[in-house]
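Per-entry structural report
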Amino acid sequence: MSLQCGIVGLPNVGKSTLFNCLSNAKAQAANFPFCTIEPNVGVITVPDERIGKLAELVKPQRVVPATVEIVDIAGLVKGASKGEGLGNKFLGNIRETNAIIHVLRCFDDDNVTHVDGSVNPVRDKEIIDVELQLKDLETVEGRIARVQKAAQTGGDKEAKRMYEILQKYHNALKQGKSARTVQLDNKDDQKLASELFLLTDKPVLYVCNVDEKSAVSGNKYVDALREAVKEENAELLIVAAKTEAEIAELDNFEERQLFLEEAGLTTSGVSRLIKAAYTLLNLETYLTAGPQEVRAWTYPKGAKAPQAAGIIHTDFEKGFIRAEVIKYDDYVRYGSESACRDAGKLAVEGKDYVVQDGDVMHFRFNV
């Protein structure tokens, strides 16, 4: 399954720098607003040491890791919901993504202009929140106008239900709250709500772009932002984008690790960000291993075996018979599928099996 995250933020907060070190796609990075006009798209490999270990054991013809698609979207300014700056283009690009990576400037540098004249990540966050909420309010009010009559006078049960959902969103947005704060426990309601494609209903990951000396413990700007988002149920990461960009330029793995150690880090911000994006979207990975390929597959947490099989091919789900499952640790311990089978470590699971992160799977199907 494809996963697309949009990197957003005010101009000159480090979005394109972060995008470049994530994807190695060289988006133009310059010290003026709207440097990125058309969204740059990069496909990023998800770091997973398990796939490398399986490849060592199986020695396949190819190795295919899981990937994430990252979109670097043009910088936003106040008034974007009314078309200011590149507002309409910006908002349209966000609507197509699954999640938002919101980059906030948390460093001082007189050589890098701030669009509002000073460094204040809490204010910057609120500017984007307001613009997205205003656009969602416009969407909700437009839909209310279309379904209200059918909901109140006709026998259209779905229109009535949609109207009730829209009212919940309308109330939240009018109070300056994002759509994601609205709780919809009914799956049918959640499905109806998803058709609205509300911008503030998307999960968000706040990335604090700091200077190198603040990469480990953060700084006063990070502390202020953490306090501001503590009730949002959102993740917050500290990343020194400039440092990450320098690390990304190094070809040698040992050199990269040495650079990280000197900066006081155990893992790169890139790795932490991609893994956080997975968590953000409630995703996990199962693995397949054979002489042709070792591959990582992304699936939604809680998926059952037939749905996971369908990610490989729809025929696998339609004709699902069973799944043969080996736990990753057992596969590494015994060294091969046949050895796991002989040791009784290969389980045969049916259609109700809930796939677990790191399962090594082989599907049997008949169409």
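Residues numbered from 1 in each chain as written. Predicted model: local features only at pLDDT ≥ 70, side-chain atom pairs only at ≥ 80, totals over all residues. Heavy atoms only, no water.

Looking only at helices and strands, one finds 14 helices and twelve strands in the protein chain. Split into buried and exposed, the 367 residues of the protein chain put 48% on the buried side. Sequence-distant contacts in the protein chain: of pairs separated by 6 or more residues, those separated by 24 or more amount to 69%. (Helix = DSSP H or I, 4+ residues; strand = E, 2+ residues; numbered from the N terminus. Buried < 20%, exposed > 50% of the residue type's maximum accessible area, 1.4 Å probe, protein only. Contact = heavy atoms within 4.5 Å.)

Moving on: helix α6 (residues 187-194). What α6 keeps buried is the set D189, L192 and A193. The buried residues of α6 occupy one face: seen down the axis, they fall within an arc of 100°. Away from its buried face, by an angle of more than 90 degrees, α6 presents the exposed residues K187, D188 and K191. Here the buried face of α6 lies against α5 (157-174). Taking the backbone nitrogen of D188 as reference, a side-chain oxygen 2.7 Å away marks N186 as the first, capping residue of α6. (Arc of directions from axis to C-beta. Polar contact = N/O pair within 3.5 Å; in protein donor to acceptor, adjacent residues only side chain to side chain.)

Attention now goes to the confidence of the model for the protein chain. The predicted structure's coordinates, where accompanied by low pLDDT, should not be read in detail. Confidence along the protein chain averages 84 in pLDDT terms, with 88% of residues attaining 70 or more. Note on residues 25-37: pLDDT under 50 across the span, and 37 contacts to partners over four residues away in sequence or across chains. (pLDDT = per-residue confidence, 0-100.)

For the rest of this paragraph, the subject is the packing of aromatic side chains. Each aromatic ring pair is summarised here by two numbers: the centre-to-centre distance and the angle between the ring planes. The final tally for this structure, using the stated rule, is five aromatic pairs. Judged by centre distance (5.8 Å) and plane angle (45°), the rings of Y286 and Y299 are tilted. In this pair, Y286 sits in strand β8 (residues 283-289) while Y299 sits in strand β9 (residues 293-300), placing the two residues 13 residues apart along the sequence. Exposure remark for Y286: the relative accessible area of 0% places this residue in the buried category. The exposure class of Y299 is buried, given its relative accessible area of 0%. Taking the centre distance of 5.8 Å and the plane angle of 85° together, the rings of Y286 and F363 count as edge-to-face. Here the residue Y286 occupies a position in strand β8, and F363 occupies one in strand β12 (residues 360-365), the gap between them amounting to 77 residues. The burial state of Y286 is the same as that of F363; both residues are buried. Just above the ring of W297 sits the side chain of R295; from NZ or CZ to the centre is 4.2 Å. (Phe/Tyr/Trp six-rings, centres within 6.5 Å; stacked < 30°, edge-to-face > 60°. Lys NZ or Arg CZ within 6 Å of the ring centre and 35° of its normal.)

Interaxial distance between helix α4 (residues 121-153) and α5 falls to 9 Å at its minimum, and their mutual angle equals 150°. By the angle class used here, α4 and α5 are roughly antiparallel. Two packed elements cross with a definite hand, and for α4 against α5 that hand is left-handed. Only A159, K160, M162, Y163, L166, Q167, Y169, H170, L173 and K174 of α5 make contact with α4, whose side of the interface consists of Q133, D136, L137, V140, E141, R143, I144, V147, Q148, A150, A151 and Q152. (Axes fitted to C-alpha atoms, helices over the stretch in contact; angles between N-to-C directions. Parallel < 35°, antiparallel > 145°, perpendicular 65-115°, else oblique. Left-handed = near helix turned anticlockwise from the far one by under 90°.)

Now for the sheet that holds strand β4 (residues 67-72). Taken in spatial order, the six strands line up as β2-β4-β1-β5-β6-β7 in an open sheet, and their pairing is mixed. A strand with exactly one partner marks an edge of an open sheet, and here the two such strands are β2 (40-45) and β7 (235-239). Mean inter-strand twist for the sheet, computed between neighbouring axes without regard to direction, equals 25°. Direction of pairing for strand β1 (residues 4-8) relative to β4: parallel, over a ladder of four bridges. Bridging across to β4, C5 finds its partner in I70. Here helix α10 (residues 269-280) sits on the sheet in contact with β1, β2, β4, β5 (99-105), β6 (204-209) and β7, set at roughly 170° to β7. (Pairing = 2+ DSSP bridges.)

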